[in-house]
Amino acid sequence: MWKRIRSKAVIGAALVLMADARPEPVEGRWLTEPKTAVVEILRCGGGSLCGRLLWFRMKPSDHNPQALDIRNPDPGLRNRPLCGLMVMWGFQPDGQNQWSDGSLYDPESGGSYHGTMRLQSDGTLNLRGYIGISLFGRSQDWTRFTQTISGCPAE
């Protein structure tokens, strides 16, 4: 009888630990690896995920007082503000805590990239941007951001 009670207690404890180990949803605010921007990830049409720029730090050498998308390769888009700019879109679920088939835009370079992301067990978000195949790319680990944002309000 004690073995059964002990077994049930062990199973119950394991279920509680497993429930606590589930990661938080990927939606929310994330601080980029170089700590120069905060991106809000949210659900977009068709169940995909997208992300918009909520806050960023300009380089002292940038001569962009109005904080516009001046490096965009399309001259018609260079007058749009960086605040609230969609910088990720189209990420589709691809397994547990993984998304693929997304696109990333880097306003610092004006480059667009294919992207994948994975919510890691330590709570960080690994993003990989690449051209062509994933082998030719770069990764960043973003951390969840819970502080108040000032200077670049959400639209």
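Residues numbered from 1 in each chain as written. Predicted model: local features only at pLDDT ≥ 70, side-chain atom pairs only at ≥ 80, totals over all residues. Heavy atoms only, no water.

A word on the pairing of strand β3 (residues 49–56)
Okay, so step 1: The buried fraction of β3 amounts to seven of the eight residues, a majority that puts the element mostly inside the structure.
Okay, so step 2: Direction of pairing for strand β2 (residues 37–43) relative to β3: antiparallel, over a ladder of seven bridges. In the strand pairing of β3, alanine 37 is matched with phenylalanine 56.
Okay, so step 3: Hairpin remark: β2 followed by β3, antiparallel, with five residues in the connecting loop; positive phi at glycine 46, about 70°.
Okay, so step 4: For β3 and strand β4 (residues 86–93), the ladder comprises three bridges, and the chain directions are antiparallel. (Buried < 20%, exposed > 50% of the residue type's maximum accessible area, 1.4 Å probe, protein only. Helix = DSSP H or I, 4+ residues; strand = E, 2+ residues; numbered from the N terminus. Pairing = 2+ DSSP bridges.)

Regarding the packing of aromatic side chains
Okay, so step 1: Per the stated rule, a full pass over the model turns up zero aromatic pairs.
Okay, so step 2: A cation sits over an aromatic face here: arginine 80 above tyrosine 105, 5.8 Å from the ring centre. (Phe/Tyr/Trp six-rings, centres within 6.5 Å; stacked < 30°, edge-to-face > 60°. Lys NZ or Arg CZ within 6 Å of the ring centre and 35° of its normal.)

With respect to the sheet that holds β4
Okay, so step 1: Pairing within the closed barrel is antiparallel, and its eight strands lie in the order β1-β2-β3-β4-β5-β6-β7-β8. Going from strand to strand, the sheet's axes swing by 30° on average, the running direction of each strand aside. (Axes fitted to C-alpha atoms, helices over the stretch in contact; angles between N-to-C directions.)

Things to note about the environment of aspartate 101
Okay, so step 1: Its place among the elements puts aspartate 101 in strand β5 (residues 98–106).
Okay, so step 2: Taking the relative accessible area as the measure of exposure, aspartate 101 reaches 63% and is therefore exposed.
Okay, so step 3: Spatially, the C-alpha atoms of aspartate 101 and phenylalanine 91 are 5.5 Å apart, while their sequence positions differ by 10 residues.
Okay, so step 4: For aspartate 101, the residues in contact, after removing those within four places along its chain, are Gly90 and Gly115. (Contact = heavy atoms within 4.5 Å.)

What about the confidence of the model for the chain?
Okay, so step 1: Per-chain confidence: the chain averages 84 in pLDDT, with 81% of residues scoring 70 or above.
Okay, so step 2: Taken as a whole, residues 5–20 scores under 50 in pLDDT and shows zero contacts with residues more than four places along the chain or in a different chain. (pLDDT = per-residue confidence, 0-100.)

So, unusual backbone geometry
Okay, so step 1: Although it is not a glycine, lysine 35 sits at a positive phi angle of roughly 60°.
Okay, so step 2: The topology assignment puts lysine 35 in the loop between β1 (28–31) and β2.
Okay, so step 3: You will see that alanine 67, though not glycine, has its phi angle at about 55°, which is positive.
Okay, so step 4: Following the sequence through the fold, alanine 67 ends up in the loop between β3 and β4.
Okay, so step 5: On the basis of relative accessible area, alanine 67 is assigned to the buried category, the value being 17%.

Remarks on the pattern of salt bridges
Okay, so step 1: All told, the structure shown has three salt bridges when counted by the stated rule.
Okay, so step 2: With its nearest N and O atoms 2.8 Å apart, the salt bridge here joins arginine 52 to glutamate 40. Placement of arginine 52 in strand β3 and of glutamate 40 in strand β2 is noted, with a sequence separation of 12 residues between them. Across this residue pair, the class does not change: arginine 52 and glutamate 40 are buried.
Okay, so step 3: Close ionic contact of aspartate 69 with arginine 80 constitutes a salt bridge, the shortest N to O distance being 2.9 Å. Taken as a pair, aspartate 69 in the loop between β3 and β4 and arginine 80 in the loop between β3 and β4 lie far apart in primary sequence, 11 residues in all.
Okay, so step 4: Accessibility expressed as a relative area gives 28% for arginine 80, which makes it partly exposed. (Salt bridge = Lys/Arg side-chain N within 4 Å of Asp/Glu carboxyl O.)

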